Amino acid sequence: MSFNPTLGPSAPVPPSVAPSPKAPTPAPTPVPAPIAASGTPTFTVVNPAEDSTTILNNPYTGLYKWLGNPIYPAYPYRDVYYRWAWRDVEPTQGNYVWTQFDAAITEATNNNGKFAFRIMALDTWWASQGTGTNYQRNVPDYLATTSYGFYCPALSVWVPDWNNDFVLGRMEALMTAIGNRYRNNPRIAWVDVGLYGNYGEWHNAEIVDAGCYSGRSEGTPANKRRILDAVRNNFPNNFLALNANDADAVCWWANDVEIGLRWDTVSSTSGGGWDNAWYGDFYKEAWRTSIYIGEFATSTDFATYGLSDVMSVGVTTVGNGNTPESDKAALANFVRVTGARLTMTSVNFTSPVRPGGCFIATVTMKNSGSARIYENWVFKLQFRNTGSTTVAWQTTGIIELKNVLPNRVGPATWTETNNFVVSAGLSAGNYDVVVVVADAASVRPNLFLANTNRANDGSIKIGTVTVSANAPTVAACATRSLSYVHPRKAIGASTFNDHPVGRIFTDQYFPGWYDVPNGATQTIVSSPTWNGSAKAISFTTNQAYALWGIQFKCTMSMTGYGYFHFRARATGATGGLFLYIYKTPWGTPNPTQVSAQAPSTSAWTTYNIPLSSFTNINGVIDQVGIGAINAGVTVYLDDVSFTDNPIN
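K.L.:
Would you explain the pairing of strand β8 (residues 149–152) in this entry?
P.N.:
A regular strand carries its side chains on alternate faces of the sheet. Two strands pair when backbone bridges link them, and β8 and strand β9 (residues 157–160) are joined in this way by four bridges, in the antiparallel orientation. Considered in β9, the bridge of Gly149 is made with Pro160. Connecting the antiparallel pair β8 and β9 is a turn made up of four residues, with Ser156 showing a positive phi of about 50°.

Have a look at this one:
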């Protein structure tokens, strides 16, 4: 990224081959120049036409079948989702019933899809539907004693004690039993992190509102973490979805990129989405790291909120329940773009090629959907006998489709190139070139691309290729291993955090700078809204610090992080910059001197501060500040993040 010393950052400059951590979005891999040993290979360029109208029946897009709800014929689906009361899975202690799980997996398999589920320990809606223990209790009967919970008469429902060690131990045993049976089943789509709170949604709002928690405690952070870990540890290789309605859960989710989100009020008539909380913009980044599962609110307004909801936060797929008859027509555009919608914009490949020679292919894609691809798919070109489905030879993966980010955040297209050695036994002649996007796990049907000329199996013929022993030879034909450029964006900064297991969560919802102790004050020189521009602060006294703009809403573990990175420039009085960290709980700051710079210069300076230089913070932090040694200094900041390695 280049900078204007006065105005802050200018438009991003596209990085070179590998996406730079400073780029707002990863850049496409350029086409390597082929090395010709004899002659020069020619390249056939194909520009497939886009299909912008068809609703594509792909997983993690559009609608999923929610709790057995009849699916609308016009809107196809792949995956099914159910949630059950704990008592239905474990009717007596240690005895588990798998009938409903197995039936759901069979249903999903018959639909070429997968299955997702949630377990609930409390359900006030079900309690309102009838009388008797089957309605009042979601927990097994052996847990329905005053030692392990309490009865809420206002709602006729049994509430488990979220802090009872025996109850927590039985939750862990339950998830261990489910995990032992199903964690390696290839038909598991995702697992909701349920159990805690009403409906397993990680809140107890109805119970609190009814007055039933008077004199009682909801789950402590440590005990809620046990519940989350019971799910996380037993499904370590599956997608997880968490209703982030609990402040503690938000912070755990924030530091675990493998946990996705659920949003159970998509298209609510009350509107607002996640914008009504100081977590808002952070939720809007969730799609970058894992799935984002939706469920329609009980009162929906598609015309006003539906499409904007999924596009603003990147929802992956939404259940088909809670949808009024009158709104079915409004679902069409919603279903079409929810999730990833990938289109080939161009394909470039060598022709002719030699048997045993090098085949070079370049693919450019775009994504007009709301989110990205999450599962592993193999985009390959096949040489098929002319007019036949018989495959004579095929490539392995050419492009990592996870890198094709939605157009709503950019880039507009994504390009990757790969080289392949053609089978030496391939007969000379002409072959059809066909695109196939296959499931790497061989569980799902082929992915459908939003292009015309698409066959029923998702394959698309894009041209022909000639195989000839007289074709030019190409040296250095190593096949490149595909890699996913994980776009973890530090909220409130224009950099991507390169740490493998964490997100940066900074404050944007209370703009302004924090007034610090000892009477220090700051004067805002430029608007402190984190919009990608550098910020300026005029320090009117020395040691004026604590930038609220980079305050962490969640306590962050420093374990595994190597550096605190930022870029700054300063103008005004002579002096240097310093950096400090607040530890938990709020207390005396721990200042650390940053290498001095001449603040009269307008040049941007990059700082990578080793976290090992900070002491006595017990491994966790709440807040980071950047300040000036002397008064009268204006500091401009950008690219604030934690990283594994220095960013230059």
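We are not done yet, so read on.
K.L.:
Is there a simple way to think about the packing of helix α2 (residues 99–110) against helix α5 (residues 165–182) in this case?
P.N.:
Helix packing geometry: the angle between the two helix axes and the distance between the axes. At a minimum axis separation of 12 Å, α2 and α5 run at an interaxial angle of 40°. Between α2 and α5 lies a crossing whose hand is right-handed. Together, Phe101, Asp102 and Ile105 of α2 and Ile178, Arg181 and Tyr182 of α5 make up the contact between the two elements. Its residues assigned to classes, the contact of α2 with α5 comprises four nonpolar, no polar and two charged.

K.L.:
Is there a simple way to explain the side chain of Asp432 in this structure?
P.N.:
Structurally, Asp432 can be placed in strand β20 (residues 429–439). A polar atom in the side chain of Asp432 sits 2.9 Å from the backbone nitrogen of Gly387. Every residue in contact with Asp432, bar those within four places of it in the chain, is listed here: Gln382, Phe383, Arg384, Asn385, Thr386, Gly387, Ser388, Lys461, Gly463 and Thr464.

K.L.:
What should I look at first to understand the packing of aromatic side chains in this one?
P.N.:
The geometry of two aromatic rings is summed up by the distance between their centres and the angle between their planes. Counted by the stated rule, this structure contains 29 aromatic pairs. Between Trp125 and Trp126, the aromatic rings sit 6.2 Å apart at their centres with planes inclined by 35°, giving tilted as the arrangement. The ring centre of Phe150 lies 3.9 Å from the NZ or CZ of Arg216, which sits over that ring.

K.L.:
Honestly, α2 in this entry has me stumped. Any pointers?
P.N.:
It helps to recall that an α-helix has 3.6 residues per turn; residues three or four apart then point in one direction. Between its terminal C-alpha atoms α2 stretches 17 Å, which fits the 16 Å expected from 12 residues at 1.5 Å a residue. Within α2 the residues assigned to the buried category are Gln100, Phe101, Ala104, Ile105 and Ala108. Relative to the axis of α2, the buried residues are bounded by an arc of 135° and lie together on one face. Set apart from the buried face of α2 by more than 90 degrees, the exposed residues are Thr99 and Asn110. The secondary structure elements touched by the buried residues of α2 are β6 (80–85), α1 (86–89), β7 (115–120) and α5. In the stretch just after α2, Asn112 is the one whose phi turns positive, near 55°.

What counts as what
All residue numbers here refer to positions counted from 1 along the written sequence of the relevant chain. This being a predicted model, a pLDDT of at least 70 is required before a residue's local features are given, and a value of 80 or more before pairs of side-chain atoms are given or counted; all residues contribute to the totals for chains, interfaces and linings. Heavy atoms throughout the structure, all of them, feed into the side-chain values; hydrogens and water do not. Paired strands, in this sense, are two strands between which DSSP finds at least two bridges. Numbered from the N terminus, helices here are DSSP runs of H or I no shorter than four residues, and strands are runs of E no shorter than two. A fitted line through C-alpha atoms serves as each axis, taken over the contacting stretch for helices, and the angle formed by two N-to-C directions is quoted from 0 to 180°. Throughout, a crossing is termed right-handed when the near helix is turned clockwise from the far one, and left-handed when it is turned anticlockwise from it by less than a right angle. Contact criterion: two residues are considered in contact whenever any of their non-hydrogen atoms come within 4.5 Å of each other. When residue character is reported, Ala, Val, Leu, Ile, Met, Phe, Trp, Tyr, Cys and Pro are called nonpolar, Asp, Glu, Lys and Arg charged, and the others, Gly included, polar. Side-chain atoms alone can form a polar contact between residues adjacent in sequence; in general such a contact is a pair of N or O atoms within 3.5 Å, and within protein one must be able to donate a hydrogen while the other accepts it. Under the pairing criterion, centres of Phe, Tyr and Trp rings, with the six-membered ring standing for Trp, must be within 6.5 Å; the plane angle then separates stacked pairs below 30 degrees from edge-to-face pairs above 60, leaving the rest tilted. Two limits define a charge over a ring: the Lys NZ or Arg CZ must be within 6 Å of the ring centre, and within 35 degrees of the ring normal. Helix span, as expected, comes to 1.5 Å for every residue beyond the first. A simple rule labels every residue: compare its accessible area, found with a 1.4 Å probe on the protein chains alone, to the largest value its type can have, and call it buried under 20%, exposed over 50%, or partly exposed in between. By construction, the arc corresponds to the directions joining the helix axis to the C-beta atoms.

Honestly, it's all geometry; don't read function into it.
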